[in-house]
Amino acid sequence: MDNPECSRPEACSVLESVSAAVAGKPLCCPNHEGKVMEFYCESCETAMCLDCTEGEHREHVTVPLRDVVEQHKAALKTQLDAIHSRWGLDALIGEISRQLNDRKIEAIAEITSTFEELEKALHQRKSALITDLESICSAKQKVLQAQLSSLLQGKEHIQSSCSFTEQALSHGSATEVLLVQKQMSERVTALARHDFPERPHQNAHLDCQVETEGLRRSIQNLGFLLTTAAVAHTSVATGEGLRHAATGQHHTVTVTTKDKDGELVRTGNAVLKAEITSVDGSRAADTEITDNKNGTYEVGYTLRSEGEYSFALLLYGQPIRGSPFRLRAVKPSDVPQSPDDVKRRVKSPSGTGGHIRQKAVRRPSSMYSTTKKKENPIEDELIYRVGSRGRERGEFTNLQGISASSNGRVVVADSNNQCIQVFSNDGQFKMRFGVRGRSPGQLRLLGRLMGPKGVAVDKNGHIITVDNKACCVFIFQSNGKLVTKFGGRGTSDRQFAGPHFVAVNNKNEIIVTDFHNHSVKVYSADGEFLFKFGSHGEGNGQFNAPTGVAVDSNGNIIVADWGNSRIQVFDSTGSFLSYINTSADPLYGPQGLALTSDGHVAVADSGNHCFKVYRYLQ
């Protein structure tokens with residue numbers, strides 16, 4: 001039976017090429033008869049012959065085919081391994097199902113045992129109450145019976161004496177009355193003087209009170225079930241401590257648990273395990289895990305020796321996304337303090353392939369955040385990303401500044417390509433302009449500025465420019481005339497160490513990121529220092545070289561944290577509020593950021609040669 005695929009000539013050609021490759025035969029060029037395809041065009045991702053490299057691909061980067069074969073084979077093997085790993089998924093799911101059923105049976109046994117013990121305790125208490133009741137009642141009855149017996153005995157004596165006296169008075173002769181008068185008088189007098197109790201010696205009070213309302217409430221709330229929907233493959237870890245550590249120093253990593261749909265799990269109690277091992281597989285450090293009871297966990301550790309380690313984070317025995325992580329420890333003295341050194345230390349991430357050029361890669365609507373209240377961390381907020389490494393439209397090489405206009409445009413400064421590119425709010429390419437030079441339309445440095453970086457415009461139309469090299473902030477009129485400048489190199493409140501970007505809030509206050517001083521500083525419209533916030537570190541509200549900055553309509557300050565590859569949100573006073581969660585598609589060395597006209601955050605992801613737009617909930 002004929003293969004329907006072979007009815008198309010191009011399909012036959014592909015099949016023949018694959019068959020030849022499998023057989024180890026040289027592949028012939030489909031465009032140049034008899035020519036062997038010995039080269040590979042990285043731009044077009046296709047094999048070609050020598051004539052092709054000198055023809056339609058002459059402007060492209062081509063390399064010998066043999067140089068990329070192993071690379072592509074390795075990539076395919078990785079994909080195959082990923083598929084093969086799914087074959088065991090049914091067994092894994094079956095095992096989890098069995099474990100879940102075992103835990104149910106164990107929990108039922110625990111519940112039954114607990115409540116049987118409680119029933120036993122209730123019966124014991126019931127018996128004790130009845131025993132005490134019998135004892136109290138018996139004691140009271142004993143007192144009352146003794147009193148009653150004494151009264152009856154006295155009553156008999158009185159009745160006997162009275163009866164004898166009455167008989168003598170009624171029927172006795174005068175002589176008999178006189179004979180018994182003295183005896184009877186003494187007896188009656190004695191009876192009259194006898195002390196008979198006139199009041200009861202006990203009472204009939206015997207009640208039983210059992211307060212059950214509180215106990216009933218306690219029973220209704222007795223026991224609780226611990227569970228979570230968290231699964232490993234969607235849960236993520238963040239923090240510099242995942243990859244780098246200084247020996248002798250305590251580091252922490254934040255694990256954020258998510259369910260199968262990637263939604264944040266907001267309860268704790270997940271079974272999380274952390275293991276740091278040396279290359280020989282031995283345990284290298286103790287780890288402590290803190291359950292924040294909100295779906296996030298802090299994993300702390302301290303490494304004593306330099307070297308390469310494997311950092312595994314296991315949720316219910318399964319590795320979370322990216323685990324195990326490759327962790328490198330160096331002496332504190334070897335940790336670079338300059339962000340330029342940090343950039344060399346952390347290599348640029350690979351894997352930019354698969355992004356559609358000149359178009360936004362939009363995430364499905366199901367991934368959008370639906371909550372109105374910002375949490376820490378909040379749901380995955382990535383809406384789309386645009387770009388990959390290159391020099392064409394929609395491609396970047398070390399993009400830096402980014403701005404957004406009121407008419408729905410996103411403007412990106414592409415540093416190494418020395419041009420400006422403009423996109424719509426939904427990521428569609430619109431235009432590009434500028435090349436480096438001194439002619440009109442070419443970008444060059446202004447005369448009075450040594451190294452301009454960030455720029456902003458205030459309500460008065462003044463242009464505020466950060467001079468990175470001079471460590472100063474310049475304020476110009478709209479016609480370019482200098483109004484004032486402030487700053488200088490140093491660590492004081494009015495000085496900077498490599499200031500990067502600037503924003504202006506609704507009070508016309510100037511907000512500057514101080515890159516090497518790891519802080520954000522706020523000044524009045526005329527340059528008077530107001531306050532600053534931030535310090536060097538990985539914690540909430542700390543920075544490792546802050547870069548981009550923007551201010552929302554409520555005065556909240558959004559800051560790109562370059563060295564920690566994250567975006568933090570602060571209130572107008574500099575108090576930490578939350579992160580914009582970028583874990584689904586991590587940032588690498590974010591630079592400028594801006595708020596788009598439709599209320600999202602656009603950030604220049606310089607290390608990944610793209611810009612990304614995140615949903616921002618004010």
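Owing to the predicted nature of the structure, the values given are computational and were not obtained by experimental measurement.

Caption draft 1: The overall build of the chain, seen in detail. Secondary structure assignment for the chain yields seven helices and 34 strands. Looking at the 618 residues of the chain, the share that counts as buried comes to 36%. For the chain, the share of sequence-separated contacts (at least 6 apart) that also reach a separation of at least 24 residues comes to 50%. Of the accessible surface of the chain, which amounts to about 36500 Å², a share of 52% is contributed by carbon and sulfur atoms.

Caption draft 2: A look at helix H5 (residues 174–193). For H5, built from 20 residues, the straight-helix expectation of 28 Å at 1.5 Å per residue is met to within 8% by its first-to-last C-alpha distance of 28 Å. Of all the bends in H5, the largest measures some 40 degrees and sits at Gln181. Those residues of H5 lying buried are Val180, Met184 and Leu191. Residues of H5 that are buried make contact with helix H4 (89–171).

Caption draft 3: Spotlight on the sheet that holds strand E29 (residues 557–561). Pairing is antiparallel in the open sheet, where four strands are placed in the order E28-E29-E30-E31. One side of each edge strand has no neighbouring strand; the edge strands of this open sheet are strand E28 (546–551) and strand E31 (576–580). Across the sheet, the axes of successive neighbouring strands diverge by a mean angle of 25 degrees, strand direction being ignored. Sheet analysis places E28 next to E29, joined by four bridges and oriented antiparallel. Considered in E29, the bridge of Val549 is made with Val559.

Caption draft 4: Spatial organisation of the pairing of strand E32 (residues 590–595). Counting buried residues in E32 gives five out of six residues, a clear majority hidden from the surface. Hairpin remark: E32 followed by strand E33 (residues 601–605), antiparallel, with five residues in the connecting loop; positive phi at Gly599, about 90 degrees.

Caption draft 5: Region of interest: the sheet that holds strand E6 (residues 250–258). Spatially, the four strands line up as an open sheet ordered E4-E6-E10-E9, and their pairing is antiparallel. Pairing within the sheet leaves two strands with one partner each, and these edge strands are strand E4 (231–238) and strand E9 (287–291). The mean angle between the axes of side-by-side strands here comes to 25 degrees, regardless of whether they run parallel or antiparallel. As defined by bridge partners, E6 adjoins strand E10 (residues 296–302) across seven bridges and the pair is classed as antiparallel. Along E10, the bridge assignment pairs Val255 with Tyr297.

Caption draft 6: Quick peek at the side chain of Thr296. Locating Thr296 in the fold gives a position in strand E10. A polar atom in the side chain of Thr296 sits 2.7 Å from the side chain of Asn294.

Caption draft 7: Fine view of the confidence of the model for the chain. Residues of the chain with pLDDT of at least 70 account for 83%, and the chain-wide mean is 80. Averaged over each element, pLDDT in the chain is lowest for helix H7 (residues 339–345) (39) and highest for strand E7 (residues 272–277) (96). Here residues 436–445 is a poorly scored stretch, pLDDT under 50, and it has 14 contacts once near neighbours within four places are set aside; other chains count.

Caption draft 8: Looking closely at the nonpolar core. One finds Ala237, Val255, Leu303, Phe311, Leu313 and Leu327 to be the most contacted residues of the largest nonpolar core, which totals 25 residues. Every element with two or more residues in this core is listed here: E4, E6, E7, E10, strand E11 (307–315) and strand E13 (325–330). Broken down by element, the residue count for this core peaks at four residues, all from E11. Setting aside residues no more than four positions away along its own chain, Leu303 makes contact with Ala245, Ala246, Thr247, Gly248, Gln249, Ile276, Ala284, Ala285, Tyr309, Leu327 and Ala329. Counting 15 residues, the second largest nonpolar core, distinct from the first, contains Val386, Phe396, Val410 and Ala594.

Caption draft 9: Here's a closer look at the state of the cysteines. Tallied over the entire structure, the rule returns zero disulfides. This cysteine, Cys471, is not joined by any disulfide, and Cys472 carries the nearest cysteine sulfur, 7.2 Å off. Take Cys471: its relative accessible area is 0%, and that puts it in the buried class.

Cut-offs applied
- Residues numbered from 1 in each chain as written.
- Predicted model: local features only at pLDDT ≥ 70, side-chain atom pairs only at ≥ 80, totals over all residues.
- Heavy atoms only, no water.
- Helix = DSSP H or I, 4+ residues; strand = E, 2+ residues; numbered from the N terminus.
- Buried < 20%, exposed > 50% of the residue type's maximum accessible area, 1.4 Å probe, protein only.
- Contact = heavy atoms within 4.5 Å.
- Areas by Shrake-Rupley, 256 points an atom, 1.4 Å probe, with all protein chains shown as cover.
- Expected span 1.5 Å × (residues − 1).
- Bend = angle between axes of the 7 residues up to and from the residue.
- Pairing = 2+ DSSP bridges.
- Axes fitted to C-alpha atoms, helices over the stretch in contact; angles between N-to-C directions.
- Polar contact = N/O pair within 3.5 Å; in protein donor to acceptor, adjacent residues only side chain to side chain.
- pLDDT = per-residue confidence, 0-100.
- Core = buried A, V, L, I, M, F, W, Y, C linked by side-chain atoms within 4.5 Å.
- Disulfide = S-S within 2.5 Å.

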